[in-house]
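Here is how the chains run, residue by residue.
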Amino acid sequence: MDENQARPGAPDPSREGEGARVRRDAEFARDALPYMDDVYRFAYSLTRNTADAEDLVQETFLRAYKSWHTFQPGSDARRWLFTICRNAFLRSREKLRHEVDVEDGSAETIAAVQSQSEMRRDGSDEILSRVDLAPALTRALDELPEPFRSTVILVDVEDQSYDSASEVLGVPVGTVRSRLFRGRRQLQDKLREYARDAGFASAGTSAREHDDA
Amino acid sequence: MPDQTHRTDCTSAMKELWDYVDCELTPDRMAAVKRHLTECSHCLPHAEFAERFLHALHETRIDCNCPYEVRAKVMARLREAGLTLS
């Protein structure tokens with residue numbers, strides 16, 4: 001649910017009594033504040049900058065507090081906070097949210113498999129088990145265009161399901177899947193370049209020459 | 001034909017590979033793809049690659065908590081906005 005979308009029957013905070021306000025604040029403290037570490041980590045993943053992450057966390061919790069009357073009790077507060085956080089991030093970057101068309105998922109998965117085959121054939125996949133790839137992959141993630149980056153971070157780094165990522169990003173599950181495949185593929189391409197630079201890939205190996213598919 | 005059946009299984013397994021490693025298939029499809037992967041020497045390396053890649057990606061997760069100063073600033077801003085907790 002969008003943070004600005006009031007749930008049916010939600011009380012108007014401007015008209016609530018002191019008791020109701022104290023109860024609302026207690027619920028906010030119990031259900032939202034414990035996720036500050038998670039929101040900070042997500043904010044840092046998006047911004048890769050401590051000052052920007054700090055601003056984003058403040059913005060997220062302020063917006064969440066002001067919109068708490070719209071939060072559906074019992075739903076996933078962490079997911080709701082992630083949604084607010086990413087929306088605030090996009091607003092802060094003045095980036096328009098542009099939707100990526102859902103393409104043929106089957107074609108994308110097959111293309112991904114072919115890309116993996118090439119990595120295995122030229123030996124660049126060896127880098128996966130022999131080098132700490134976190135720094136290189138972090139740089140590659142930073143270079144991924146929005147919205148692929150948010151999608152990969154949510155699903156592959158923050159372990160969100162496709163459904164959950166779909167809610168956070170405000171797009172259909174098919175779009176999540178499409179962004180994920182394309183984002184992962186771009187990361188694999190970066191990884192392959194990195195493997196070549198590191199001397200893992202055998203130069204001049206043509207995937208087509210040895211196609212075993 | 002057994003060969004054709006096998007190729008069909010390979011094609012569908014590869015189409016569903018990333019959904020499989022993401023555990024996003026129905027239980028029946030999860031079981032079917034898993035069964036195929038254990039039997040198919042062509043497809044298994046793809047699954048192993050996908051799992052190693054996702055593991056490496058997950059390793060980029062930063063292990064950090066919200067710093068105390070940031071937490072204090074957030075709480076101060078919330079109190080300014082009306083939060084009544086101490």
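Quick caveat: nothing in here was measured; it's all calculated off a predicted structure.

Student: Quick question: what am I supposed to make of the packing of aromatic side chains here?
Tutor: The geometry of an aromatic ring pair comes down to the distance between the two centres and the angle between the two planes. Considering all chains together, one arrives at 8 aromatic pairs over all chains under this definition. Geometrically, the ring pair formed by A:W68 and A:W80 is edge-to-face, given 5.6 Å between the ring centres and 65° between the ring planes. Here A:W80 lies in helix α4 (residues 77–92) and A:W68 lies in the loop between α3 (50–66) and α4, a separation of 12 residues in the sequence. Like A:W68, the residue A:W80 is buried in the burial classification. When the centroid spacing of 6.2 Å and the interplanar angle of 85° are considered together, the rings of B:W18 and B:F53 count as edge-to-face. Residue B:W18 is found in helix α2 (residues 17–21), and its partner B:F53 is found in helix α4 (residues 44–58); the two are separated by 35 residues along the sequence. No difference in accessibility class separates B:W18 from B:F53, as the two residues are buried. Clustering of aromatic rings is evident, with ring pairs tying together A:F28, A:Y65, A:W68, A:F71 and A:W80.

Student: Teacher, can you tell me more about the interface of chain A and chain B here?
Tutor: One widely used convention gives an interface's size as the accessible area the parts lose upon coming together. Taken together, the contact pairs 52 residues of chain A with 37 residues of chain B. Of the roughly 4,300 Å² buried where chain A meets chain B, counting both sides, 65% is carbon and sulfur surface. Between chain A and chain B we count 5 salt bridges in total. Residues A:D37 and B:R71 are paired through a salt bridge, measuring 2.7 Å at the closest nitrogen-oxygen approach. Along the contact surface separating chain A from chain B lie 15 residue pairs in polar contact (both at pLDDT 80 or more). Listed by contribution, the elements that provide at least two residues to the side of chain A that touches chain B are α1 (18–31), α2 (36–47), α3, α5 (105–122), α6 (127–130), α7 (134–143), α8 (148–157) and α10 (173–197) of chain A. At 9 residues, α5(A) tops the list of elements feeding residues into the side of chain A that touches chain B. For the side of chain A that touches chain B, the residue count by class is 28 nonpolar, 9 polar and 15 charged.

Criteria and thresholds
Residues numbered from 1 in each chain as written. Chains lettered and ligands numbered in written order. Predicted model: local features only at pLDDT ≥ 70, side-chain atom pairs only at ≥ 80, totals over all residues. Heavy atoms only, no water. Phe/Tyr/Trp six-rings, centres within 6.5 Å; stacked < 30°, edge-to-face > 60°. Helix = DSSP H or I, 4+ residues; strand = E, 2+ residues; numbered from the N terminus. Buried < 20%, exposed > 50% of the residue type's maximum accessible area, 1.4 Å probe, protein only. Contact = heavy atoms within 4.5 Å. Buried area = accessible area lost by both parts, 1.4 Å probe. Salt bridge = Lys/Arg side-chain N within 4 Å of Asp/Glu carboxyl O. Polar contact = N/O pair within 3.5 Å; in protein donor to acceptor, adjacent residues only side chain to side chain. Nonpolar A, V, L, I, M, F, W, Y, C, P; charged D, E, K, R; others polar.

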